[in-house]
Amino acid sequence: MAAFKTLDDLGDVTGKVALVRVDLNLPMKGGSATDVTRVEAVKPTILELSKKGAKVLLLAHFGRPGGQRSSVLSTSMVTGDVEGVLGKELMFIPEVAGPVVEQSIGILRNGDIGLLDNTRFWPGEEANDPNFAQAIAAHGDFFVNDAFSAAHRAHATTEGITHFLPSYAGRAMEAELKALDAALGNPEAPVAAVVGGAKVSTKLAVLENLVGRVQHLIIGGGMANTFLAARGVNVGKSLCEHDLTDQASKIMDTADHAGCTVHLPYDVVVSKEFAANPASLRTCNVHEVAEDEMILDIGASAAEALADVLKTCRTLVWNGPLGAFETEPFDAATMSLARHVAALTQEGSLISVAGGGDTVAALAQAGVTGDVTYISTAGGAFLEWMEGKELPGVAALTANNG
Ligand code: ADP
Ligand code: MG
């Protein structure tokens, strides 16, 4: 991983203006946030800069206003939630650049925190307009990016601004980059990847990238059905992308040549209807799925075999549940994997990094959120990183780290 600067590289910041990109795109209901995880994530960076005496100006997007002002998408909507988490008052500033920002900076005392309005109110944000980036940068002494989840977008406040200010990774960004590097950049071998979820089509690029990088590729979830079909298995009425079986075969061939073992389940949990604890529930060998049955989870033997593979590995990267985990008992394999991963990690034998909206929910359901090495909540950015793509916001930090 190319070098990037962190808050440790900052000199005395007393009285300096820190422009800090954060992710405050909180899920809202009835005027307040239903989940403040994203604020918790950026809290250490904000409070550290504040304690060191900087004037901290937060930059964030909120929803998709499409380059126009919208009162319901103002970042002022989350001011109360952010104050609650930080335990400090914020000054809301209804602009991102210009005289109002300058006057506000004059009012802020050292250590105070200001929240600028939704960066996406201005078309220059998503267009990555250098003039817009420069206008914002003019107010700051340095830039800190603590929003890995926005780093897959080359926007003015994730990429453009780094061309005008010395730029640093915040603490959350730093932790994410280190964890991701330990999982796939420079991992300790052997490395296993578990990829599950509904469809192959959404994760083709992920699978193509992983086969060249890991020693074990474990496929579960609905997408395993497509791989089973590619091997000639009749998957009945399971979710299956029959038009992608050639792609699946190609991935398995590439894996063979790269010395990567692809693990598919050999037993599965099936049912005639998709409902909780259905009457027609049974576990069978993959070759025994009936025409009117669908595969909704991998079987207990497959889950055990998977756990055995992980015992031989040093590193795991996991995206996607192994079954339809929202509905009992199709959560069984995912829950058992989550507990195994947590135990191996706690023993110190496995470095485990997991990400993806449903994967994070599944880990929480298993009660092991705190027991894996790192959980990425970055969504799209996490998947693009799994695809092996360079993220513009990260590349900008490593290129403009002076
Ligand atoms: P993530 O959000 O972690 O990236 P995905 O969105 O790719 O994961 O996939 C999660 C979804 O896949 C879940 O809603 C789950 O119910 C579904 N799924 C997993 N296995 C199956 C299966 N065998 N049949 C149908 N859906 C499945
Ligand atoms: Mg999902």
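Scroll up for the structure.
What comes next is a walk through the structure. What you are looking at is a predicted structure, and each value in this text was computed from that prediction instead of being measured.

1. A short note on the overall build of the protein chain
For the protein chain, the helix and strand inventory stands at 14 helices and 17 strands. The globule rule puts the C-alpha radius of gyration for 402 residues at 21 Å, and the 23 Å found for the protein chain is close to it. Overall size of the protein chain, expressed as C-alpha extent along the three principal axes, is 75 × 45 × 40 Å. A total of 402 residues make up the protein chain; the buried ones form 57% of that total. Contacts in the protein chain between residues far apart in sequence, at least 24 positions, make up 74% of those at least 6 positions apart. For the protein chain, the computed accessible surface area is about 16000 Å², with 50% contributed by carbon and sulfur atoms. In the protein chain, 29 positive and 48 negative side-chain charges are present, and the distance between their average locations comes to 4 Å.

2. Focus on the site of ligand 1
Ligand 1 sits among 18 residues. The nearest are Lys 203, Gly 323, Glu 326, Asp 358 and Thr 359. A distance of 2.7 Å is found between an oxygen atom of ligand 1 and a side-chain nitrogen or oxygen belonging to Lys 203. Between Ile 295 and ligand 1, the recorded distance is 3.1 Å, taken from a backbone N or O atom to a nitrogen atom. Protein contacts shield 82% of the accessible area of ligand 1, which totals 580 Å² for the unbound molecule. When residues of the shell around ligand 1 are traced back to their parent elements, those giving at least two are helix H8 (221-230), strand S14 (294-298) and helix H12 (357-366). It is H12 that provides the largest number of residues to the shell around ligand 1, a total of three residues. Looking at the shell around ligand 1 residue by residue, the class counts come to six nonpolar, nine polar and three charged.

3. Regarding the nonpolar core
Judged by nonpolar contacts, the single largest core of 55 residues is most densely connected at Phe 148, Leu 207, Leu 210, Leu 217, Ile 219, Phe 227 and Trp 385. Per element, the largest residue contribution to this core is six residues, and it comes from helix H6 (residues 171-185). In this structure Ile 219 touches Val 195, Leu 207, Ala 224, Phe 227, Val 262, His 263, Leu 264 and Pro 265, once residues within four positions along its chain are discounted.

4. Quick word on the sheet that holds strand S12 (residues 267-271)
Spatial ordering of the open sheet is given by S13-S12-S14, a layout of three strands whose pairing is antiparallel. In the strand order of this sheet, the two ends are held by strand S13 (282-285) and S14, each with one partner. Neighbour to neighbour, the strand axes of the sheet diverge by 45° on average, direction disregarded. Pairing analysis gives four bridges linking S12 to S14, with the strands arranged antiparallel. Each bridged residue has a counterpart across the sheet, and for Val 268 the counterpart in S14 is Ile 298.

5. Side note on the pairing of strand S1 (residues 17-21)
Extensive coverage of S1 is indicated by the burial of five of its five residues. Sheet topology places S1 next to strand S4 (residues 55-59); five bridges connect them, and they run parallel. Residue pairing across strands places Val 20 opposite Leu 58, the latter belonging to S4.

6. A look at the environment of Ile 105
Assignment of secondary structure puts Ile 105 in helix H3 (residues 99-107). C-alpha separation for the pair Ile 105 and Gly 140, spaced 35 residues apart in sequence, amounts to 9.7 Å. Apart from residues lying up to four places away in sequence, Ile 105 is in contact with Val 17, Lys 55, Leu 57 and His 139.

7. Let's talk about the pattern of salt bridges
Pairing is possible between side chains that carry opposite charge, provided their charged atoms lie close to one another. This structure, assessed with the given rule, holds 15 salt bridges. Among the salt bridges present, the one from Arg 21 reaches Glu 125, with a minimum N-O distance of 3.5 Å. Of this pair, Arg 21 sits in strand S1 while Glu 125 sits in helix H4 (residues 123-126), placing them 104 residues apart in sequence. Given the relative accessible area of 0%, Arg 21 is considered buried. Between Arg 314 and Glu 188 there is a salt bridge, with the nearest N and O atoms lying 2.8 Å from each other. Note that Arg 314 is positioned in the loop between helix H10 (300-311) and strand S15 (315-319) and Glu 188 in the loop between H6 and strand S9 (191-195), a separation of 126 residues in sequence.

8. Quick word on the packing of helix H11 (residues 332-347) against H12
The geometry of H11 relative to H12 is characterised by a closest axis approach of 9 Å and an angle of 75° between their N-to-C directions. Classified by the angle their axes make, H11 and H12 are roughly perpendicular. Here Thr 334, Met 335 and Ala 338 of H11 come into contact with H12, specifically with Ala 362, Leu 363, Gln 365 and Ala 366. Here the contact of H11 with H12 is built from residues that sort into five nonpolar, two polar and no charged.

9. Comments concerning the pairing of strand S7 (residues 142-145)
Burial of the side chains of S7 extends over both faces: Phe 142 and Val 144 are buried on one face and Phe 143 and Asn 145 on the other. The sheet contact formed by S1 and S7 spans four bridges and is parallel. Bridge pairing in S7 places Val 20 opposite Val 144. Bridge analysis of S7 against strand S8 (residues 167-169) gives three bridges, and the strand direction is parallel. Considered in S8, the bridge of Phe 143 is made with Ser 167.

Procedures and definitions
- Residues numbered from 1 in each chain as written.
- Chains lettered and ligands numbered in written order.
- Predicted model: local features only at pLDDT ≥ 70, side-chain atom pairs only at ≥ 80, totals over all residues.
- Heavy atoms only, no water.
- Helix = DSSP H or I, 4+ residues; strand = E, 2+ residues; numbered from the N terminus.
- Rg over C-alpha atoms; globule rule 2.2 N^0.38 Å.
- Buried < 20%, exposed > 50% of the residue type's maximum accessible area, 1.4 Å probe, protein only.
- Contact = heavy atoms within 4.5 Å.
- Areas by Shrake-Rupley, 256 points an atom, 1.4 Å probe, with all protein chains shown as cover.
- Lys, Arg positive; Asp, Glu negative; His and termini not counted.
- Charge placed at Lys NZ, Arg CZ, Asp CG, Glu CD.
- Near = heavy atom within 4 Å.
- Polar contact = N/O pair within 3.5 Å; in protein donor to acceptor, adjacent residues only side chain to side chain.
- Nonpolar A, V, L, I, M, F, W, Y, C, P; charged D, E, K, R; others polar.
- Core = buried A, V, L, I, M, F, W, Y, C linked by side-chain atoms within 4.5 Å.
- Pairing = 2+ DSSP bridges.
- Axes fitted to C-alpha atoms, helices over the stretch in contact; angles between N-to-C directions.
- Salt bridge = Lys/Arg side-chain N within 4 Å of Asp/Glu carboxyl O.
- Parallel < 35°, antiparallel > 145°, perpendicular 65-115°, else oblique.

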